[in-house]
2 protein chains.
Amino acid sequence: MEESEGLPRRAADGLTRRALLVGIGAAGGAGAMYAAMGVLGLAPSETTTPVPATGGASAPTPYVPPQRSDFALRGGRPATVLVLGAGVAGLACAYELGKAGYHCTVLEARDGIGGRSLTLRGGDTLSELAANPAQQAVSGLDGRPAAGGASAAAPTAPGALGETQRVGFGAGTYFNAGPARIAQWMVTLDYCRELGVPLEVFVNTNASAYLLTEGMRRPVRVRTARADAYGYISELLAKATDAGALDARLTQADKEGLLDFLSHFGDIGPEHEYTGGERRGFRVDPGVRPGADLGTPPPLTRLLSERLGRVLTMDAGYDQAMPMFQPVGGMDAIVRALAARVGEGRVRTGARVTRIMNRPDGVEVTIEGAGVLRADYCVATLPPHVMARISGNLGADVVAALATPVPMSAGKLGLEYRRRWWEIEDRIYGGATETDLDIGHIWYPSYGFHGERGLVVGYYNTAVDAQTYDDLPHARRLRQALAQGAKVHGPAYAKGILASVSIAWRRQPHIEGAWVSWPSRNGFSLLQRPAGRVYFAGDWLTQLIAWQAGAFESARKVVTELHHRVLKEA
Amino acid sequence: MEESEGLPRRAADGLTRRALLVGIGAAGGAGAMYAAMGVLGLAPSETTTPVPATGGASAPTPYVPPQRSDFALRGGRPATVLVLGAGVAGLACAYELGKAGYHCTVLEARDGIGGRSLTLRGGDTLSELAANPAQQAVSGLDGRPAAGGASAAAPTAPGALGETQRVGFGAGTYFNAGPARIAQWMVTLDYCRELGVPLEVFVNTNASAYLLTEGMRRPVRVRTARADAYGYISELLAKATDAGALDARLTQADKEGLLDFLSHFGDIGPEHEYTGGERRGFRVDPGVRPGADLGTPPPLTRLLSERLGRVLTMDAGYDQAMPMFQPVGGMDAIVRALAARVGEGRVRTGARVTRIMNRPDGVEVTIEGAGVLRADYCVATLPPHVMARISGNLGADVVAALATPVPMSAGKLGLEYRRRWWEIEDRIYGGATETDLDIGHIWYPSYGFHGERGLVVGYYNTAVDAQTYDDLPHARRLRQALAQGAKVHGPAYAKGILASVSIAWRRQPHIEGAWVSWPSRNGFSLLQRPAGRVYFAGDWLTQLIAWQAGAFESARKVVTELHHRVLKEA
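A brief structural summary. Every value quoted in this text rests on a predicted model; they were computed, and no experiment measured them.

## Quick notes on the pattern of salt bridges
All names here are of chain B. Across all of its chains, the model carries 54 salt bridges over all chains by this definition. In this structure, Arg507 engages Glu128 in a salt bridge whose closest nitrogen and oxygen atoms are separated by 3.9 Å. Of this pair, Arg507 sits in the loop between β25 (497-504) and β26 (516-517) while Glu128 sits in strand β4 (residues 125-129); the two residues are 379 residues apart in sequence, bridging distant segments of the chain. Grouping residues by exposure puts Arg507 and Glu128 together as buried.

Set out below in structure tokens:
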């Protein structure tokens, strides 16, 4: 993660670090954000064991879950643990600790489990906070407003609810309102295997989908833009090579190798010119007769003015490359499987924590309207900006650390259409149209191919783009997104919609953000260690912010550390 | 399809046209073969309606299937039709004609339907011809050996069977021994929708799979090779731009656009140098701690010597781009659905046609050992080189045309493993490792993710590569393929195999080839027209040779023409 999305260059252009991090969310997706932190020197290197830069057998210690047998020879007993938050991190902690017989109770303020791993179906309701929580005061444990929390917001009671949407999707339609895709290397897949959650391919990139940037007159198919860009790049480089411009750098053998590569890569002709070809696609597809081509490629000048670099390389990242995966039937299959293993009786929803007290021999956690629970340990997996508002005795440095990461905006709109026009008319089966409009991506469903209805994600946007939708009521979000999508798909885009629902993660009760961004290294390291008997876990304490894999990795780390401590104290 | 796989350059290198076509099969897959024909001037333009080169609304006449109501006003009746061959083309003809009430009988020489759309499962048997049919005399209708059919083959009786493999796969394992993937734009998907055949994604390219060329010391992940190649290309082009080498071609605005593109595309640094990055992947994946990188990218000289162009651009073609699709449960779901619609009683398997006679008022078809069938019309969908050996009165020009296309070799090996090591250890979920070894590709299954067993395609090779396997007994094919695969996956590749089966399409009874290659334009046009009352259909008469879509498109064309004729004559 040395570089991402051309960050160093932009940073050198004088953008503020904050603006940079906010911008990355919009530009590169969540995955790029942490990469950017590395660039900016925010990576938590001091808490990590040194890893050799090169060489072979230095894989990290493989994770071994706590087991009942661990206690046998030591005469100890599994401890009791209060887990705050029934998102992926919390459920994973309870699940892993449960393997050794720990008695865990998971406390969740929301009505349902899963946290941001939220899948919406017909009959569900989705409530939002009345105002953007960015405009609410962030209070620390001492009751005073935290620095930076002041704003000119309308005086809305904190936590007051605004609009509630009732999801009207038909049977079989689901909408992953939070995480929607899993990369092959992520530990999330291991949990799917272990939990028996069936998988299918999530189409993250589709050559038949479209690109639309401000520099473009009209949307163009990914395959066409790709063929033209690769073709012209190859032509330019091959001709520069022919002209001797690279003689100082390349041997004759290098040049032959380069020209061989470019001939395949750019599909350029014998004179090294790019003139189009079948990779661009066809106006009329080949069949019995030859296909009819799309015409002449655009002139180089026009292509270069379209600023395709970002939208055409969305899948270049380590966390974005094809293929990606999704659980069959909805992302929440994972959290539901975890909760089933933990035991339904051990997860209490609607249980808002208002106070966390470290005591010499345990932890006391107060639940709003339901008294005080006591346990040997606590694992707190709430979002840090939410946790920072909970009273208790964790210490000012811990609270300051919790208040450091900045919650980020991201939003999604699910559109259920009466018919799958994108498959029938556009021949797009899954994948995303990438834009630099405020809607970000339009995603076509990777499930239910050829079904009657289908769910399109009308926007998945982040940061500044998401903020333009955050404070709108659903009807206005819908209107705005349909107007934007029509720039890709024409006026028919607004027709045939059976149901829709939108989410602004900054306005989700008890979550109040899509993910966080660390503006500085402060706090990240501190929170890797327990505050007394309280451990912290979540994607926000890893290199995989905004990924379920981050939550799982953090849970494994905390579970391992907690278990070692319990074994040692036994 | 103006160019493909750098053909013009190679042709200019002095290869023979035949060697070129053979070579393309190996290099670019079947899809590239027809593209090459276009380059060589073999595309059947004289039979096609002129299509404007540019412009908008010139879509081809949409296909309208024959309907019962077509006959109502004309007082005619649906004709009787003998369809030769129960592959995709034959079944599609019978299915489409059946919509209007035509009485079709489908005659299939093999024991089962589907032709090359063959899915093998546990309990199936697979017999091969005793010798490579390339070495058997090709006889025309006149009984004399066709030109080019002579060889130094061992004197094996034509049609004599050699080895029979019994497929030992476990329940749930299947192996698409023929076609395995469908592109989004292909008509095959429309038939899946119409027939209710459920689809899932076929992973054609996987960033986590490997590449291995002769120039490489060891296999490298696709993502790593891609990052390095794109990075160095961007560095070279950006630095050439910086040095003014492109000043004659590019304006200042062009240059800015180009450098912006290259910064995204190549992930190059502020000085335009490529030094690696997260796109390459990690030696230890990021989690709570930062990932450990793979070390320094290889020097440019080494990278260029590896000849990655072809293997890295396998998915650039219009027929290869991601995502692709497959029917759930096996490709033969399509032909089984077609046969069910046609009616089981209308498909006669084990019915080898030995004679085809045009009569003034009908067609007479002789079936070996089962007498003569008579019908108003015949649609012959057998492979042309097989049809050329059937006696009758189609005419010398027709027989010569049928004998023109050259049957090609392709082979596949299915390996059922006890455990899915490629998912667990290599973190490869579907997709292909591309090589320039004689095994061509190694395909990882796009179904059954996380299951207990799994089926790997140990080779899918074509042309010269396939020929090295064609004449081997299965045991030796297996041994050779495992030795090759071990170069990618190490010695463990040969372990844990529960069952295997291999197919050499040149040795399949009544098929005798994976597909055909047209060495000249002769014949292609003639066979687009009926010979008397006998029509010809198949992928081999389209621009989509080796694709099921070709068979469907050809069937639609012939059904339309036959129906118009019947309506006219009614």
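## Digging into the state of the cysteines
All names here are of chain A. The full count for this structure, using the stated rule, is zero disulfides over all chains. Here Cys93 is not disulfide-linked; the sulfur of Cys104 is the nearest cysteine sulfur, at 8.2 Å. No disulfide involves Cys378; its sulfur sits 10 Å from that of Cys93, the nearest cysteine.

## Side note on the side chain of B:Thr435
Residues and elements named next belong to chain B. Residue placement: Thr435 occurs in strand β22 (residues 431-435). Assessed through its relative accessible area of 2%, Thr435 is described here as buried. A distance of 2.6 Å separates the side chain of Thr435 from the backbone oxygen of Gly440, its partner in a polar contact. For Thr435, the contacting residues outside a window of four places in its chain are Leu212, Arg310, Val311, Gly440 and Val488.

## Some points on the nonpolar core
Membership of the largest hydrophobic core comes to 234 residues, with the highest contact counts inside it found for A:Phe536 and B:Phe536. Among all residues touching B:Phe536, those that are not within four sequence positions of it are B:Ala380, B:Met387, B:Leu394, B:Val398, B:Leu402, B:Leu527, B:Arg529, B:Ala531, B:Leu541, B:Ser554 and B:Val558. Formed by 96 residues, the second largest nonpolar core is a distinct cluster that contains A:Ala209, A:Val311, B:Ala240 and B:Leu304.

## Some thoughts on the packing of helix α5 (residues 187-195) of chain B against helix α16 (residues 548-569) of chain B
All names here are of chain B. Running from N to C, α5 and α16 cross one another at 80°; their axes reach a closest spacing of 8 Å. Overall, the two elements α5 and α16 adopt an arrangement that is roughly perpendicular. When α5 is examined against α16, the residues Val187, Thr188 and Tyr191 are found in contact with a partner set consisting of Gln548, Ala549, Phe552, Glu553 and Arg556.

## Here's the deal with the relation of the copies chain B and chain A
Between the two chain copies there is a screw-like relation: a rotation about an axis and a shift along it. Of the transformation superimposing chain B on chain A, the axial component is 0.0 Å and the angular component is 180°, with the fit at an RMSD of 0.1 Å. Each copy turns onto its partner about a two-fold axis. When the interface residues of chain B are mapped onto chain A, 100% of them again lie at the interface, so the same face is used by both copies.

## Topic: the packing of aromatic side chains
Using the criterion set out here, one finds 46 aromatic pairs over all chains in the structure. Measuring from centroid to centroid gives 6.1 Å for A:Tyr429 and A:Phe449, while their planes differ by 40°, and the two rings are tilted. In this pair, A:Tyr429 is assigned in the loop between α13 (421-424) and β22 (431-435) and A:Phe449 in the loop between β23 (441-444) and β24 (454-462), connecting sequence segments 20 residues apart. Note on A:Tyr429: relative accessible area 0%, which makes it buried. Ring geometry for B:Trp185 and B:Tyr318: centres 4.4 Å apart, planes at 15°, overall stacked. Placement of the pair is B:Trp185 in the loop between β7 (182-183) and α5 and B:Tyr318 in the loop between α9 (309-312) and β13 (324-327), with a sequence separation of 133 residues. Accessibility classification places B:Trp185 together with B:Tyr318 in one group, the buried group. Grouped by ring-pair contacts, the aromatic residues A:Tyr230, A:Phe261, A:Phe265, B:Tyr230, B:Phe261 and B:Phe265 constitute a single cluster. In this arrangement the basic side chain of A:Arg533 is found over the ring face of A:Tyr377, its NZ or CZ atom lying 4.9 Å from the centre. Just above the ring of B:Tyr460 sits the side chain of B:Lys412; from NZ or CZ to the centre is 5.1 Å.

## A closer look at unusual backbone geometry
The omega torsion of the bond from A:Met322 to A:Pro323 falls at -5°, within 30 degrees of zero and hence cis. Although it is not a glycine, A:His510 sits at a positive phi angle of roughly 70°. Topologically, A:His510 is positioned in the loop between β25 (497-504) and β26 (515-517). Among the residues examined, A:His510 registers a relative accessible area of 30% and is labelled partly exposed. If you check the backbone angles, B:Glu512 has positive phi at about 60° while not being a glycine.

Calculation notes
For every chain, the first residue of the written sequence is number 1, and numbering continues from 1 onward in sequence order. Whichever chain is written first becomes A and whichever ligand is written first becomes 1, with later ones labelled in order. Per-residue local features of the predicted model are confined to residues with pLDDT of at least 70, and side-chain atom pairs are confined, for both listing and counting, to 80 or more; whole-chain, interface and lining totals are unaffected and use all residues. The side-chain values count all of the structure's non-hydrogen atoms but skip hydrogen atoms and water molecules. By convention in these notes, a salt bridge is any Lys or Arg side-chain nitrogen within 4 Å of a carboxyl oxygen on Asp or Glu. A run of H or I in DSSP counts as a helix once it spans at least four residues, and a run of E counts as a strand once it spans at least two, with each numbered from the N terminus. Burial classes follow relative accessibility: with a 1.4 Å probe on protein chains only, a residue under 20% of its type's maximum area counts as buried, one over 50% as exposed, and anything between as partly exposed. Pairs of cysteine sulfur atoms within 2.5 Å are what we label disulfides. Polar contacts here mean pairs of N or O atoms no more than 3.5 Å apart (in protein, one a potential hydrogen donor and the other a potential acceptor; neighbouring residues in sequence count only if both atoms are side-chain atoms). In this analysis, two residues are considered to be in contact whenever any of their non-hydrogen atoms come within 4.5 Å of each other. What makes a nonpolar core is a set of buried Ala, Val, Leu, Ile, Met, Phe, Trp, Tyr and Cys residues whose side-chain atoms join them at distances within 4.5 Å. Here the axes come from fitting lines to C-alpha atoms, over the contacting stretch only for helices, and the angles between their N-to-C directions go from 0 to 180 degrees. Orientation is classified from the angle alone, with under 35 degrees giving roughly parallel, over 145 giving roughly antiparallel, 65 to 115 giving roughly perpendicular, and any other angle giving oblique. In this comparison the copies share one frame, found by least squares on the C-alpha atoms of residues holding pLDDT of at least 70 in both. Centre distance within 6.5 Å is the pairing criterion for rings of Phe, Tyr and Trp, where only the six-membered ring of Trp is used; planes under 30 degrees apart are then read as stacked, over 60 as edge-to-face, and the remainder as tilted. Sitting over a ring, as applied to charges here, requires NZ of Lys or CZ of Arg to be within 6 Å of the ring centre and within 35 degrees of the ring normal.

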